[in-house]
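Okay, here's what each chain looks like letter by letter:
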Amino acid sequence: MESQLISRRPDGSELGAVRKTSIDELPGILARARKGEEALRQLGLEGRERILREAGARLRADLEAIAAIASEEMGKPLRESLGEARHAFAHIDRDITEIFDALRDEVLVEGKYRSTIVRDPFGVAACITPWNFPTLMPHQQIFPALAAGNAVIFKPSEEVPLTAEAYIERFRGLLPDGALTLIHGEGDLGEALVKSDVDLIVFTGSRQVGKSILQEAAKSFKRVILELGGKDPLIVLEDADLDAAAA
């Protein structure tokens, strides 16, 4: 029987379930991602831009539905979830234009010398995101990676699997097979993904986990992009107004 990952509301009640990914599946997932990356490369910038504009239109059209799932799953007030989704998707056409303008070949001319800078994809990117911004943070990692021609293996926080499913659903039928794979599990799955033969690791989370990722990535010179927390302490003194502090 397949193992399931249960999604729960903040009050502990069950919201839904997804199939957990076994660590033993990662080699096969990575092999398919390699083929997906090659297919993305063959599409070129124009082909990838067409696909992502269609995905972007779906995300923009469905942002209220995605925000509602995120709010119910992780407990953020709906107004804040809507604000997060609008920040991610409301101006997505402008964002896509900026991304692809940055990726185009750049010609440099100096005297009689002419050079062309070509930006090639890294290969397969492992994108690992936390629970607190379950719409925006995956989008900020996945969308640019795909635009650049990288295949993506996406491991969201185990606290928000349904929000991740809602995001990935908007890419359904648009991308080459293996180009975008969603996996579900706890920290041991994320650790195994980091240790696998991916080319780029993009992680948002704690400093402690970030350090372990850097140490592991250094063994094989994997590229790493980290956004780490732990820099914003909050101190509530004994004589504080607790209601005001909580608000």
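Refer to the structure above for everything that follows.
Residues numbered from 1 in each chain as written. Predicted model: local features only at pLDDT ≥ 70, side-chain atom pairs only at ≥ 80, totals over all residues. Heavy atoms only, no water.

1. Quick word on the overall build of the chain
Phase 1 of the analysis: Helix and strand counts for the chain come out as 9 helices and 9 strands.
Phase 2 of the analysis: For 247 residues, the compact-globule estimate of 2.2 N^0.38 gives 18 Å, and the chain sits close to it at 20 Å.
Phase 3 of the analysis: By residue count, 43% of the 247 residues in the chain fall in the buried class.
Phase 4 of the analysis: For the chain, restricting intrachain contacts to residue pairs at least 6 apart in sequence, the fraction spanning at least 24 positions comes to 69%.
Phase 5 of the analysis: About 13,800 Å² of surface is accessible on the chain, with carbon and sulfur atoms providing 51% of the total. (Helix = DSSP H or I, 4+ residues; strand = E, 2+ residues; numbered from the N terminus. Rg over C-alpha atoms; globule rule 2.2 N^0.38 Å. Buried < 20%, exposed > 50% of the residue type's maximum accessible area, 1.4 Å probe, protein only. Contact = heavy atoms within 4.5 Å. Areas by Shrake-Rupley, 256 points an atom, 1.4 Å probe, with all protein chains shown as cover.)

2. With respect to the pattern of salt bridges
Phase 1 of the analysis: In this structure the tally under the stated criterion is 21 salt bridges.
Phase 2 of the analysis: With a closest N to O distance of 2.8 Å, Glu186 and Lys20 form a salt bridge. Highlighted residues: Glu186 in the loop between β7 (180-182) and α7 (187-195) and Lys20 in the loop between β2 (14-19) and α1 (26-61), separated in sequence by 166 residues.
Phase 3 of the analysis: Residue Glu186 is classed as partly exposed on the basis of its relative accessible area, which comes to 28%.
Phase 4 of the analysis: On the basis of relative accessible area, Lys20 is assigned to the partly exposed category, the value being 23%.
Phase 5 of the analysis: Arg104 serves as the salt-bridge partner of Glu49, at 3.2 Å between the closest nitrogen and oxygen. Linking Glu49 in helix α1 with Arg104 in the loop between α4 (92-103) and β3 (106-110), this pair joins segments that are 55 residues apart in sequence.
Phase 6 of the analysis: Exposure remark for Arg104: the relative accessible area of 31% places this residue in the partly exposed category.
Phase 7 of the analysis: Several salt bridges share partner residues, and in doing so they unite Glu49, Arg53, Arg60, Asp93, Asp101 and Arg104 into one network. (Salt bridge = Lys/Arg side-chain N within 4 Å of Asp/Glu carboxyl O.)

3. Focus: the pairing of β2
Phase 1 of the analysis: Pairing between strand β1 (residues 4-8) and β2: 5 bridges, direction antiparallel. Counted as the bridge partner of Gln4 is Arg19 from β2.
Phase 2 of the analysis: Between β1 and the antiparallel strand that follows it, β2, lie 5 residues; Gly12 among them carries a positive phi value of about 95°. (Pairing = 2+ DSSP bridges.)

4. As for unusual backbone geometry
Phase 1 of the analysis: Notably, Phe221 is not glycine yet its phi reads approximately 60°, a positive angle.
Phase 2 of the analysis: Tracing the sequence through the fold places Phe221 in the loop between α8 (207-218) and β9 (223-228).

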